[in-house]
Amino acid sequence: MLQESSVDSSGSRFAPLVVLELASDTKEEAIAWLLSRIRDRQQNGGDGDGFLSMAECQYVIKHELDTLRAKEETNVPGYSHAKLYPGKSIIRRLLSKRILIQMFPLHENEELKRLSFSWYKKVKVSLQPLDDIRHYYGEGQALYFGFLEYFTFALVPMALIGVPYYLFDWEDYDKYVVFAVFNLIWCTVILELWKRRSASLAYYWGTLCRKKAFEEPRPGFHGVLGHNPVTGRAEPIYPTSKRHLRVYLVSLPFVLLCLYLSLYIMMIYFQMEGWALSIYDENPTFWTHILLFIPSIIYAVVIEAMNLIYRYAAEFLTEWENHRLESSYQNHLVLKVLVFNFFNCFASLFYIAFVMQDMELLRQSLATLLITSQILNQFMEAFLPYWLQRRRNKKMIRKIQKRRLYEEKELPLVEQVRLEADMSTYLGTFDDYLELFLLFGYVSLFSCVFPLAAVLVVLNNITEVYSDAFKMCRVFKRPFADPAANIGVWQLAFEAMSVIAVVTNCALIGMSPQVRSYFPESETQLILCTVAAEHVLLGFKFILTFLIQDVPKHIQDKLARLEFESLEALKKKVKSDSALTFFTLLPLSKLLPVL
């Protein structure tokens, strides 16, 4: 279905935006039927050139394709096994039956070159081109990179404090009280200020007041064909009670089983730590000292492997639960993944801090887990996808080399489509936000006992910007735009982590020798004072949340002005229509004296 020339039937040229790759043996009647259904959706009007960005145009096309619904057809023409019923998503059915292989938007070579040069091809100390990223990839991607940039700058004060703190005061563990207090304030303030930054970006991009449209059923949602009383359309109906049974009788026990397995592996890790420590005590040499870090490194690798395996299991279970709406599906998936990842990554640190109360081992474990996870993530996210892509298809290497020869001239459309069809598919920002969530946890929860944590995360984020930019521009197909006004459910996840950070840092302060010296005889008084301080700080945190407005005042004024002007325009429109209706209803005898 590839055409050498991008010229339509009327002879005018057009810019191809989205590719639909069909199976090589797709029958002609199925192709003709799909084209006729797509053309049925076209309406007369402008193409929006200059009004919509290319990413927005591609999003509109995807929405139109996703909402293509079967009418009276009982099956895809030429494929009796591909059943259809009124209201069924045509694209989903074609994908599930492998008639349609994939659907992806095309890169714009010239735009991509300019974006690549300003984004990652030259090392510079400056902000990312967020407006260009938004124009090319959409608001969802731009907000992720905006949050990554903001998080990196927010870590700089903690990193600057952490370096001298590490160099001069490390051995005096009671001095981490000051750093823990700084953590309490920092994790609250940066999240509130991010809301303002996010609102400013969304306002200038025109998505701040974007109202969520009526949600259509997920393409993967299935059930017995029934009648939707809201839309009046035929669509699958699935009992809510059956979904709840699947959630509470299958998914929840599975998650608890995985948490138990994670706890069991954690106990094995502590046994390994004890074994390595006993060898070092018997023969304290350089090599036995190195051996002390081996259990933590092995445990960090196991944690990453378990997180990856669990992620696939969580996706399978959430899909099996058969949620009707995409928002419900995402909420259940995020909850499953966050609960397990939090427990899997931080349970050992909580155990060391509050059960073993071994601050030196806590520092060692935190440093090893943080460094090892960063190395593994960089390898898995940046180098491995590119290497696998080259190894999987040797033709791809020749095509990439061929593409480099065309850097000074435009790549033919057919070659560009074939080249991009072989690229890996970008799976969204879920894993990227999850990584930042875990790094935020390492810094906000326990960095008071390892002040260099913020320094390591800053270095990781800097390399993350360049590696993510490289992947987006060179490794992955161009993703469809995702209009967004904020970072969504991840904002709640980070805020929940900040609340846990308050409790954790208060407990660490209460355990410090400096504070315990004030309560030499009563452990109960120490606990009560620590709990009271924790409640006061939580109250202070929520007061800060209330005082720091989510939307800056000048943007609130602009939005209020816009709403006022809209209401005034509506009033004038209503008055004009009422006057026109009045004169239309007057009889001719009444109008003659006026004329």
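Note that the structure is predicted; figures quoted are calculated from it, not measured.

Caption draft 1: Structural view of a nonpolar patch on the surface. Side chains of Leu 245, Tyr 248, Leu 249, Val 250, Leu 252, Leu 256, Phe 316 and Trp 320 sit close together on the surface and give an oily, nonpolar patch of about 830 Å² of accessible area. Sorting the residues of the nonpolar patch by element identifies helix H8 (240–282) and helix H10 (294–320) as the ones contributing at least two each. Ranked by residues supplied to the nonpolar patch, first place goes to H8 with six residues. For Leu 252, a relative accessible area of 41% gives the class partly exposed.

Caption draft 2: Highlighting the pattern of salt bridges. Scanning the entire structure with this criterion turns up twelve salt bridges. Residues Glu 108 and Arg 478 are paired through a salt bridge, measuring 3.3 Å at the closest nitrogen-oxygen approach. Linking Glu 108 in the loop between strand S4 (100–105) and helix H4 (109–119) with Arg 478 in the loop between helix H16 (453–475) and helix H17 (489–511), this pair joins segments that are 370 residues apart in sequence. A residue is classified by how much of its surface remains accessible, and Arg 478, at 1% relative accessible area, is buried. Note that Glu 315 and Arg 311 form a salt bridge whose closest N and O atoms lie 2.9 Å from each other. Note that Glu 315 and Arg 311 are positioned in helix H10 at a spacing of four residues, about one turn of the helix. The class of Glu 315 is partly exposed, set by a relative accessible area of 25%.

Caption draft 3: Main features of the nonpolar core. The biggest cluster of nonpolar side chains holds 102 residues, and the ones touching the most others in it are Trp 119, Trp 186 and Trp 490. Residues contacting Trp 186, with those up to four places away along its chain left out, are Phe 151, Ala 154, Leu 155, Met 158, Phe 440, Val 443 and Ser 444. One finds Ala 30, Leu 34, Val 76 and Ile 91 within the second-largest nonpolar core, a separate group that totals 22 residues.

Caption draft 4: Representation of the pairing of strand S3 (residues 79–83) within the structure. Where strand S2 (residues 75–76) and S3 come together, two bridges link them in antiparallel fashion. Pairing of Val 76 across the sheet is with Tyr 79, part of S3. The hairpin turn running from S2 into S3, its antiparallel successor, is two residues long, and Gly 78 in that turn takes a positive phi close to 90°.

Caption draft 5: How the structure looks around the packing of aromatic side chains. Evaluated as defined, the whole model comprises 30 aromatic pairs. Consider the rings of Phe 147 and Tyr 433, whose centres lie 6.3 Å apart with planes at 50°: the pair is tilted. Here Tyr 433 lies in helix H15 (residues 430–446) and Phe 147 lies in helix H6 (residues 139–169), a separation of 286 residues in the sequence. The pair formed by Phe 147 and Tyr 433 is uniform in burial state, with each residue classed as buried. Over the ring of Tyr 79 we find Lys 27, and its NZ or CZ is 5.3 Å from the ring centre. The ring centre of Tyr 136 lies 3.8 Å from the NZ or CZ of Arg 478, which sits over that ring.

Caption draft 6: Region of interest: the packing of helix H2 (residues 54–66) against helix H5 (residues 130–137). Two numbers describe how H2 lies on H5: the axes approach to 5 Å, and their chain directions differ by 30°. Here H2 is positioned roughly parallel relative to H5, judged by the angle of their axes. Of the residues in H5, those touching H2 at Met 54, Ala 55 and Glu 56 are Arg 134, His 135, Tyr 136 and Tyr 137. Considering only residue class, the contact of H2 with H5 consists of four nonpolar, one polar and two charged.

Caption draft 7: Region of interest: helix H19 (residues 523–547). Spanning 25 residues, H19 covers 36 Å between terminal C-alpha atoms, matching the ideal 36 Å at 1.5 Å per step. Along H19, the positions that sit buried rather than exposed are Leu 526, Thr 530, Glu 534, Leu 538, Lys 541 and Leu 544.

Caption draft 8: View of the UniProt feature "transmembrane region" (unreviewed entry) in the protein. According to UniProt, the "transmembrane region" (unreviewed entry) feature falls on residues 142–167, 173–194, 247–270, 290–312, 333–354, 366–388, 436–459 and 487–509. Secondary structure content for residues 142–167 is 100% helix and 0% strand, and the end C-alpha separation is 37 Å. Secondary structure content for residues 247–270 is 100% helix and 0% strand, and the end C-alpha separation is 33 Å.

Caption draft 9: Unusual backbone geometry, seen in detail. You will see that Arg 98, though not glycine, has its phi angle at about 60°, which is positive. Along the chain, Arg 98 falls in the loop between helix H3 (90–96) and S4. At Gln 357, a residue that is not glycine, the phi angle is positive and equals roughly 55°. Inspection of the secondary structure assignment puts Gln 357 in the loop between helix H11 (326–356) and helix H12 (359–392). By relative accessible area, which is 41% here, Gln 357 ends up partly exposed.

Caption draft 10: Spotlight on the environment of Val 156. Within the fold, Val 156 resides in helix H6. Judged by relative accessible area, Val 156 falls into the partly exposed class, the value being 33%. Val 156 sits 302 residues away from Val 458 along the chain, and the two C-alpha atoms are 7.2 Å apart.

Caption draft 11: The side chain of His 107, seen in detail. Considering the arrangement of structural elements, one finds His 107 in the loop between S4 and H4. Residue classification places His 107 among the buried positions, given a relative accessible area of 4%. Looking at His 107, its side chain comes within polar contact range of the main-chain nitrogen of Arg 478, at 3.4 Å. When neighbours within four sequence positions are excluded, His 107 is seen to be in contact with Leu 112, Tyr 136, Tyr 137, Gln 416, Glu 420, Met 472, Phe 476, Lys 477 and Arg 478.

What counts, and where the lines are drawn
Residues numbered from 1 in each chain as written. Predicted model: local features only at pLDDT ≥ 70, side-chain atom pairs only at ≥ 80, totals over all residues. Heavy atoms only, no water. Patch = residues over 30% accessible without salt bridge, like charges linked within 9 Å, V, L, I, M, F, W, Y side chains within 5 Å. Areas by Shrake-Rupley, 256 points an atom, 1.4 Å probe, with all protein chains shown as cover. Salt bridge = Lys/Arg side-chain N within 4 Å of Asp/Glu carboxyl O. Helix = DSSP H or I, 4+ residues; strand = E, 2+ residues; numbered from the N terminus. Buried < 20%, exposed > 50% of the residue type's maximum accessible area, 1.4 Å probe, protein only. Core = buried A, V, L, I, M, F, W, Y, C linked by side-chain atoms within 4.5 Å. Contact = heavy atoms within 4.5 Å. Pairing = 2+ DSSP bridges. Phe/Tyr/Trp six-rings, centres within 6.5 Å; stacked < 30°, edge-to-face > 60°. Lys NZ or Arg CZ within 6 Å of the ring centre and 35° of its normal. Axes fitted to C-alpha atoms, helices over the stretch in contact; angles between N-to-C directions. Parallel < 35°, antiparallel > 145°, perpendicular 65-115°, else oblique. Nonpolar A, V, L, I, M, F, W, Y, C, P; charged D, E, K, R; others polar. Expected span 1.5 Å × (residues − 1). UniProt positions renumbered as here; feature names shortened; annotations may be inferred. Polar contact = N/O pair within 3.5 Å; in protein donor to acceptor, adjacent residues only side chain to side chain.

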